[in-house]
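Each chain is listed here by its residues.
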Amino acid sequence: MECVFGLVGNDFAVVAADTSAVHSILVHKSNEDKIMILDSHKLVAASGEPGDRVQFTEYIQKNVALYQFRNGIPLTTAAAANFTRGELATALRKNPYSVNILLAGYDKETGPSLYYIDYIATLHKVDKGAFGYGSYFSLSMMDRHYHSGMTVEEAIDLVDKCITEIRSRLVVAPPNFVIKIVDKDGAREYAWRESVKDAAAASA
Amino acid sequence: MQIFEYNGSALVAMVGKNCFAIASDRRLGVQLQTIATDFQRISKIHDRLFLGLSGLATDAQTLYQRLVFRHKLYQLREERDMKPETFANLVSAILYEKRFGPYFCQPVIAGLGDEDKPFICTMDSIGAKELAKDFVVAGTASESLYGACESMFKEDMEPEELFETVSQALLSSVDRDCLSGWGGHVYVVTPTEVKERILKGRMD
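The sections below set out a description of the structure shown in this document. (Residues numbered from 1 in each chain as written. Chains lettered and ligands numbered in written order. Predicted model: local features only at pLDDT ≥ 70, side-chain atom pairs only at ≥ 80, totals over all residues. Heavy atoms only, no water.)

Right, let's talk about the interface of chain A and chain B for a bit. Many authors give the size of an interface as the accessible area that is lost as the parts come together. At the interface, 16 residues of chain A touch 21 residues of chain B. Buried area between chain A and chain B, both sides added, is near 1,400 Å², and the carbon and sulfur share of it is 47%. For the interface between chain A and chain B, the tally reads one salt bridge. With a closest N to O distance of 2.8 Å, Asp59(B) and Arg93(A) form a salt bridge. Between the two partners, chain A and chain B, sit 10 residue pairs in polar contact (both at pLDDT 80 or more). If you list the elements that add at least two residues to the side of chain A that touches chain B, you get α2 (77-92), β9 (123-126) and α3 (135-145) of chain A. The greatest single-element share of the side of chain A that touches chain B, amounting to four residues, is contributed by α2(A). Taken together, the residues of the side of chain A that touches chain B sort by class into nine nonpolar, four polar and three charged. (Contact = heavy atoms within 4.5 Å. Buried area = accessible area lost by both parts, 1.4 Å probe. Salt bridge = Lys/Arg side-chain N within 4 Å of Asp/Glu carboxyl O. Polar contact = N/O pair within 3.5 Å; in protein donor to acceptor, adjacent residues only side chain to side chain. Helix = DSSP H or I, 4+ residues; strand = E, 2+ residues; numbered from the N terminus. Nonpolar A, V, L, I, M, F, W, Y, C, P; charged D, E, K, R; others polar.)

Here it is in structure tokens:
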């Protein structure tokens, strides 16, 4: 099952997500990137139905870009989070999206932030959050080891602890994870944690 | 899966001598899992009117946004704040609009009306108002809250004593409910000031 989690550090926010694309018992691919770079200083880690996940996050990404084109300045993380929640809430009683989102961002004035938005459009600003079966392990791990103002090294160490816990304790644990970080220098990929590499295509 | 018990909540409002208190728990959960322990259930509409929303968190957030919008429009047109009785009627009407597809919320409204007379009321998810002279309760811990308030309530309590009574009633009730708790948030409102206090109870 899909594992997404994230936390806020000293001057940055980090999110991690598994990279398995699964249909029933089949793993289609194990390098599916579920963390979208929303704009220069925002990350959206999404989990849920694959079609909805891609469609909805791309929709949010394009609307956030449109705002920047029209108004000349980018949206704050809080504004982007509230916009996302609004779209999910409007669709909820018509044509609901089954997508859970962790929105991480960095604003110059307010610093890093992380927003928990679940598929029924519950919005809450958090210091640490997680979705999926992996959340039972990663949230507990973060409850134990998280403190405010963590450095990048400490935070990545905690992320690795969570990944180890998920790998060892979740029955259908995803093998590979991607970690992305957002700070004053922008949103970027930090690392992959792979325990199963996609086999190269056999030569004919 | 009961929709009113999906997120967990506890709300109580109590009348004192020319003052009122409104209190809530702080847990935001998704069924058995706790997501956050600092969730705000009570919002200020204006200096003398507070609204607490229990039930499904997403609907509470949507409903709150709609009500703030309507109150701001009222303020622009009437050039004054809404009376609590009027606001209660507005909430009731908005809830009944969705009679056959309701918001899964139970609001608690508390305010100071004309001549600083305290006003409290609650309603069900389709807007059936319940006015009370002493206290009103809502949320997953409502049954415990009824018992606690009934035994602890006295007429014409001063603000300090009212705060103690409301706090004890809230904490003892949420301790019997697994879906609410993780502290309390109490507002005591008199004609001259609003005192906001955070309670630390059993953190489970």
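What follows is about the pairing of strand β10 (residues 135-139) of chain B. Residue and element names in this part refer to chain B. Judged by how many residues are buried, β10 sits mostly within the fold: five of five residues are covered. Burial along β10 is two-sided: Phe135, Val137 and Gly139 facing one way and Val136 and Ala138 facing the other are all buried. Bridge analysis of strand β1 (residues 10-15) against β10 gives five bridges, and the strand direction is antiparallel. Directly across from Val12, in β10, lies its bridge partner Val137. (Buried < 20%, exposed > 50% of the residue type's maximum accessible area, 1.4 Å probe, protein only. Pairing = 2+ DSSP bridges.)

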